[in-house]
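Structural features, examined
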Amino acid sequence: MKTILITGAGSGLGAELAKRWAKEGHRMVIVGRTKEKLTSVCQHIEKENATCLSYQCDITNPDDLAQLTKKLKEDDLNIDLLVNNAGIGTFGSLEELTISDIHHVIDTNVKGTIFTTQAFLPILKERNGRIMNIISTAGLKGKKHETVYVASKYAVRGFTESLWKELEGTGVNATAVYMGGMDTPFWSHSNHISDPTRLKSASEKARQIIEEDKGQKEIFIDR
Ligand SMILES: NC(=O)c1ccc[n+]([C@@H]2O[C@H](COP(=O)([O-])OP(=O)(O)OC[C@H]3O[C@@H](n4cnc5c(N)ncnc54)[C@H](OP(=O)(O)O)[C@@H]3O)[C@@H](O)[C@H]2O)c1
């Protein structure tokens, strides 16, 4: 049994990964900003007699992350796998995006992933743990009306590839995960995709990711 922490696991892919890994007997630690969403995912997992703990934390705030790692220590929870999944999108032509939209995407997807990884590295090093960064096919190729989102995912790709080199010999490794569109609340604030219900379910993508995961450096679900 491993202890797996997933950021942004109150909905979408994070929630589905948590449910599936819990079914395989792993202990889940789920993180997000909205308590009700996290509680509902944990209730689902606990109904199946698995363990789920939830913690409210905004990954863009290093003080929140410091509080989180402190609480985990107090609760005697070591983490074997950190899944950096929390992410948001903003879509439209570059000229249409507001400065605040741009900050929000970069703060969450890029700085949030970096701050979380930095906060957890000492814990992961104690356990020869692992980092899994949920990227997107947006980290593999440019897309129209996705400039800032794509830029954020390329940044996470570069961050992950640099971790491979920097963490050599530490016992900690990192995996980059690339997949295409999923029908999740991610799309609820945009008309960029006319019918998100035509996309694959997060449950199916979670199944594919877990099936493909052998601890390798890259997982390509879609290209
Ligand atoms: N949906 C797609 O088509 C698609 C395709 C490829 C890749 N992805 C990537 O997959 C990941 C998961 O997305 P999803 O589709 O599952 O979307 P989602 O359902 O909206 O899940 C994202 C989660 O992140 C949390 N979150 C956002 N900002 C946060 C913050 N500052 N601190 C902590 N948690 C935060 C949100 O919860 P709170 O608001 O409660 O914090 C939400 O539960 C993202 O990295 C996304 O870029 C999505």
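Parameters at a glance
Residues numbered from 1 in each chain as written. Predicted model: local features only at pLDDT ≥ 70, side-chain atom pairs only at ≥ 80, totals over all residues. Heavy atoms only, no water. Disulfide = S-S within 2.5 Å. Helix = DSSP H or I, 4+ residues; strand = E, 2+ residues; numbered from the N terminus. Buried < 20%, exposed > 50% of the residue type's maximum accessible area, 1.4 Å probe, protein only. Expected span 1.5 Å × (residues − 1). Arc of directions from axis to C-beta. Contact = heavy atoms within 4.5 Å. Polar contact = N/O pair within 3.5 Å; in protein donor to acceptor, adjacent residues only side chain to side chain. Near = heavy atom within 4 Å. Areas by Shrake-Rupley, 256 points an atom, 1.4 Å probe, with all protein chains shown as cover. Pairing = 2+ DSSP bridges. Right-handed = clockwise from strand over helix to strand, strands pointing away. Salt bridge = Lys/Arg side-chain N within 4 Å of Asp/Glu carboxyl O.

**Looking at the state of the cysteines**
Summed over the entire model, instances satisfying the criterion amount to one disulfide. Linked covalently through their sulfurs, Cys-42 and Cys-52 form a disulfide whose S-S length is 2.1 Å. As the torsion about the S-S bond is roughly -65 degrees, the Cys-42-Cys-52 disulfide counts as left-handed. With Cys-42 in helix H2 (residues 35–47) and Cys-52 in strand E3 (residues 52–56), this residue pair connects regions lying 10 residues apart in the sequence. In terms of burial, Cys-42 and Cys-52 fall into one category: buried. Free of any disulfide, Cys-57 has its nearest neighbouring cysteine sulfur in Cys-42, separated by 15 Å.

**Some words on helix H3 (residues 62–74)**
Counted at 1.5 Å a residue, the expected span for H3 with its 13 residues is 18 Å, and the 18 Å between its end C-alpha atoms agrees. Those residues of H3 that sit buried are Leu-65, Leu-68, Thr-69 and Leu-72. For H3, the buried positions fall inside an angular range of 90 degrees around the axis, keeping them on one side. Those residues of H3 that are exposed and aimed more than 90 degrees away from the buried face are Asp-63, Lys-73 and Glu-74. In this fold, the buried residues of H3 make contact with strand E1 (3–7), strand E2 (27–32), E3 and helix H4 (99–126). A distance of 2.9 Å separates the backbone nitrogen of Asp-63 from a side-chain oxygen at the start of H3, and that oxygen is part of Asn-61. Of the residues flanking the end of H3, it is Asp-76, one or two places downstream, whose phi is positive at about 60 degrees.

**Quick look at the site of the ligand**
Around the ligand, 31 residues are found, and the nearest of them are Thr-34, Asn-85, Tyr-149, Met-182 and Thr-184. Between the ligand and Ser-11, the relevant distance is 2.7 Å, taken from an oxygen atom to a side-chain nitrogen or oxygen of the residue. At a separation of 2.6 Å, an oxygen atom of the ligand approaches a polar side-chain atom of Tyr-149. Coverage of the ligand by the protein amounts to 94% of the 880 Å² it exposes when considered alone.

**Structural notes on the pairing of E3**
Regular strands place side chains that alternate from one sheet face to the opposite one. Pairing of E2 with E3, which is carried by five bridges, proceeds in the parallel orientation. Each bridged residue has a counterpart across the sheet, and for Val-31 the counterpart in E3 is Tyr-55. Read as a crossover between parallel neighbours, the route from E2 over H2 to E3 is right-handed.

**Focus: the pattern of salt bridges**
Per the counting criterion, the structure on display carries 10 salt bridges. The partner of Lys-111 in a salt bridge is Asp-107, with the nearest N and O atoms 3.1 Å apart. With Lys-111 and Asp-107 both in helix H4 and four residues apart, the pair spans about one turn of that helix. A salt bridge links Glu-204 to Arg-207; the shortest N-O distance between them is 2.9 Å. Placement of both Glu-204 and Arg-207 in helix H6 (residues 202–212) is noted, with a separation of three residues, approximately one turn of the helix. Glu-204 gets classed as partly exposed once you look at its relative accessible area, which sits at 23%. For Arg-207, a relative accessible area of 30% puts it in the partly exposed group. The network of salt bridges with shared partners includes Glu-204, Arg-207 and Glu-211.

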